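Descriptive structure summary
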Amino acid sequence: MATINTNYRKLAAGYLFPEIARRAAAFQEQHPEETLFKLGIGNTTEPLTPTILEGLHAKVDALSNVDTYSGYGDEQGDTPLREALSRYYRDMGVNIAPDEFFVSDGAKADAGNLQSIFSLDTVIAVQDPAYPVYVDSNVVSGRSGGFNAEMGHYDGFVYMPGSAETNFFPAVPTGKVDLMYICSPNNPTGAVASHEQLAAYVEYARKHKAIIIYDAAYAEYISDPALPKTIYEIEGARECAIEINSFSKFAGFTGVRLGWTVVPKEVIAENSEPGEIHKMWNRRQVTFFNGASNIAQAGGVAVLSEQGLAESRALIAYYMENARIIRQGMQTVGLQVYGGDNAPYVWVKGPEGMTSWDLFDVFLTQCKVIVTPGSGFGPAGEGYVRLSAFGHRNNIKQAVESIVSNLKLNERN
Ligand code: PL4
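Keep in mind that what you see is a predicted model, and the values were worked out from it rather than measured.

**Things to note about the site of the ligand**
Around the ligand sit 20 residues in total, of which Tyr131, Asn187, Tyr218, Ser246 and Ser248 are the nearest. Between Lys108 and the ligand, the recorded distance is 2.9 Å, taken from a side-chain N or O atom to an oxygen atom. When isolated, the ligand has an accessible area of 610 Å², and the protein chains bury 88% of it. In this structure, the ligand is accommodated by the second largest pocket. Counted by class, the shell around the ligand contains 10 nonpolar, 5 polar and 5 charged residues. Here the shell around the ligand spans two domains, and each of domain 1 (11–47 + 308–406) and domain 2 (51–305) adds at least three residues to it.

The structure is reproduced here in structure tokens:
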């Protein structure tokens, strides 16, 4: 008799982004004459740049020829890409060996799968608010109790709430936790952790033999040279941190699909030997994963070339100008605004007493703009909405103009 994994039943509601799409579609069905502006999902819109296209085309051509065709590659990723990643980190002043990179088809899958190499009694601590995959993957694996509707969280997890006062990066836990999820630049708040804040997490993790899963998917959006782009800039992080990253927002690979995870050989848990976690992740990948697309990996090598980096950074500057336009618009309507300066997300606080979904409804019905409710990222996100800077400039401008002209927060419908 087959039985299902009933942990799935604990998942509080639909996954955040399909739920937003469902509500927006319902509104559109009732108002077919309206054009909706999308500042919701963080999805890239601008075409791939010439150097990257060249890299992708060259690989497609190689696949068309019997002498240069290649089939399955190494599950861990192609050597040229792992070497290019190692050089990319070296340029940030950090030494990561090529075999410490595990190339993936994007950061989301690794963010969900990494928990599988830790025991089921692992105490999970999650930065709040944060990308929902960290929590949901641990719910499904059975590390939580039920969803506590009153608190807006899952029993059994340690939520580390951030607030505007601490730049949305929480203090280290007061009790002992085992696995901490930290995302910087943060989705959804757009805040970036300082060296001191990351050093505090690293110090905590080393002291408690805890591990940090550090999601740096938006690292390339940091323009302030004082802010860390990788957790390995912090001394001691190689013993306690696993870093996830992605070409999705770095180079417009949301559809192409390519990412990487760094598992340093020194990373240790309470009951592991040095090198064992690195070997376990390797074992996990060779068992469950057949490697990222070889075409995508050729594109990744092109991204990391000198010209590819310059083009990708120009694309990032385009999205960051969108972020500036959004920030300015939200300030014009008198809202409290955070983020959007070293990250492609603008985090907006609504008036006291308004929930995130109330705000979502107001933006949708009054302004025809789709945003993302902050409560979908955790209880500390309640009362906020996230606006994404990914979009064509024209659409971004129209969305902001619509908000500035139509938003009347004291006249909810
Ligand atoms: C929508 C902090 C977006 N359906 O593309 P990947 O898999 O390399 O990266 C996913 C990812 C990883 N880490 C962080 C992220 O914010 C994301 C992408 N987040 C968003 O709007 O929050 C796209 C989400 C997608 C999803 O559910 O992930």
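Next comes the rest of the write-up.
**Focus: the environment of Asn5**
Considering the arrangement of structural elements, one finds Asn5 in the segment before helix 1 (16–30). For the pair Asn5 and Gly142, spaced 137 residues apart in sequence, the C-alpha separation works out to 8.8 Å. At a separation of 3.0 Å, a polar atom in the side chain of Asn5 contacts the main-chain amide nitrogen of Asn7.

**A word on the sheet that holds strand 12 (residues 345–349)**
Sheet architecture is open: 4 strands sit in the order 11-12-15-14, paired in antiparallel fashion. Looking at which strands have only one partner, the edges of the open sheet turn out to be strand 11 (336–339) and strand 14 (372–373). For strand 12 and strand 15 (residues 384–388), the ladder comprises 5 bridges, and the chain directions are antiparallel. Counterpart to Trp347 in the pairing with strand 15 is Arg386.

**A closer look at the packing of aromatic side chains**
Tallying each qualifying case throughout the model produces 24 aromatic pairs. With centroids separated by 5.8 Å and ring planes inclined at 35 degrees, the aromatic side chains of Phe247 and Phe253 adopt a geometry described as tilted. There is no split in this pair, since Phe247 and Phe253 are both buried. Note on Tyr338 and Tyr384: the rings are 6.4 Å apart at their centroids and 55 degrees apart in plane angle, and the pair reads as tilted. Separated by 46 residues along the polypeptide, Tyr338 in strand 11 and Tyr384 in strand 15 bring together distant segments of the chain. An aromatic cluster is present here, built from Tyr88, Tyr89, Phe101, Phe247, Phe250, Phe253 and Trp260 joined pairwise through their rings. Cation over ring: Arg82 sits above Phe102, and NZ or CZ is 5.7 Å from the ring centre.

**Observations regarding the domain arrangement of the protein**
Split into domains, the protein comes out as domain 1 (11–47 + 308–406) and domain 2 (51–305). Taken residue by residue, the interface counts 35 residues in domain 1 and 47 residues in domain 2. Carbon and sulfur atoms supply 60% of the area buried between domain 1 and domain 2, which totals about 3100 Å² over both sides. Counting across the interface, domain 1 meets domain 2 through 1 salt bridge. Notably, a salt bridge pairs Arg313 with Glu220, separated by 2.9 Å at the nearest N-O pair. Run the count over domain 1 and domain 2 and you get 14 residue pairs in polar contact (both at pLDDT 80 or more). Breaking the side of domain 1 that touches domain 2 down by element, the ones donating at least two residues are helix 1, helix 10 (306–332), strand 11, strand 12 and strand 15.

**Concerning the state of the cysteines**
As enumerated under the stated definition, the model contains 0 disulfides in all. The cysteine Cys240 is free of any disulfide, with Cys183 supplying the nearest cysteine sulfur at 17 Å.

**Some points on the sheet that holds strand 10 (residues 259–262)**
One open sheet accounts for 7 strands, arranged 2-10-9-8-7-3-6; its pairing is mixed. Only two strands of the sheet have a single partner each, and these edge strands are strand 2 (101–104) and strand 6 (158–161). Averaged over all pairs of adjacent strands, the angle between their axes in this sheet comes to 20 degrees, without regard to strand direction. Across 4 bridges, the pairing between strand 3 (residues 124–128) and strand 6 is parallel. Residue pairing across strands places Asp128 opposite Pro161, the latter belonging to strand 6.

**Points about the packing of helix 2 (residues 50–63) against helix 9 (residues 294–303)**
Where helix 2 meets helix 9, the closest approach of the two axes is 8 Å, and the angle between their N-to-C directions is 145 degrees. Viewed along their axes, helix 2 and helix 9 form a crossing whose handedness is right-handed. Facing Thr51, Ile52, Gly55, Leu56, Lys59, Val60 and Leu63 of helix 2, the residues of helix 9 in contact are Asn294, Ile295, Ala296, Ala298, Gly299, Ala302 and Val303. For the contact of helix 2 with helix 9, the residue count by class is 9 nonpolar, 4 polar and 1 charged.

**A look at the pairing of strand 7 (residues 179–183)**
Most of strand 7 sits inside the fold, with 5 of its 5 residues counted as buried. Here strand 7 shows no split at all, with Leu179, Tyr181 and Cys183 on one side and Met180 and Ile182 on the other all buried. For strand 3 and strand 7, the ladder comprises 3 bridges, and the chain directions are parallel. Bridging across to strand 7, Val126 finds its partner in Tyr181. Handedness of the crossover joining strand 7 and strand 8 (residues 211–215) through helix 6 (residues 195–208) is recorded here as right-handed.

About the cut-offs
- Residues numbered from 1 in each chain as written.
- Predicted model: local features only at pLDDT ≥ 70, side-chain atom pairs only at ≥ 80, totals over all residues.
- Heavy atoms only, no water.
- Near = heavy atom within 4 Å.
- Polar contact = N/O pair within 3.5 Å; in protein donor to acceptor, adjacent residues only side chain to side chain.
- Areas by Shrake-Rupley, 256 points an atom, 1.4 Å probe, with all protein chains shown as cover.
- 1 Å grid on protein atoms, 1.4 Å probe; cavity = no way out; pocket = protein on both sides within 12 Å on 5 of 7 lines; lining within 4 Å.
- Sits in = over half its atoms within 2 Å of the grid points.
- Nonpolar A, V, L, I, M, F, W, Y, C, P; charged D, E, K, R; others polar.
- Domains from an automatic or database assignment.
- Helix = DSSP H or I, 4+ residues; strand = E, 2+ residues; numbered from the N terminus.
- Pairing = 2+ DSSP bridges.
- Phe/Tyr/Trp six-rings, centres within 6.5 Å; stacked < 30°, edge-to-face > 60°.
- Buried < 20%, exposed > 50% of the residue type's maximum accessible area, 1.4 Å probe, protein only.
- Lys NZ or Arg CZ within 6 Å of the ring centre and 35° of its normal.
- Contact = heavy atoms within 4.5 Å.
- Buried area = accessible area lost by both parts, 1.4 Å probe.
- Salt bridge = Lys/Arg side-chain N within 4 Å of Asp/Glu carboxyl O.
- Disulfide = S-S within 2.5 Å.
- Axes fitted to C-alpha atoms, helices over the stretch in contact; angles between N-to-C directions.
- Left-handed = near helix turned anticlockwise from the far one by under 90°.
- Right-handed = clockwise from strand over helix to strand, strands pointing away.

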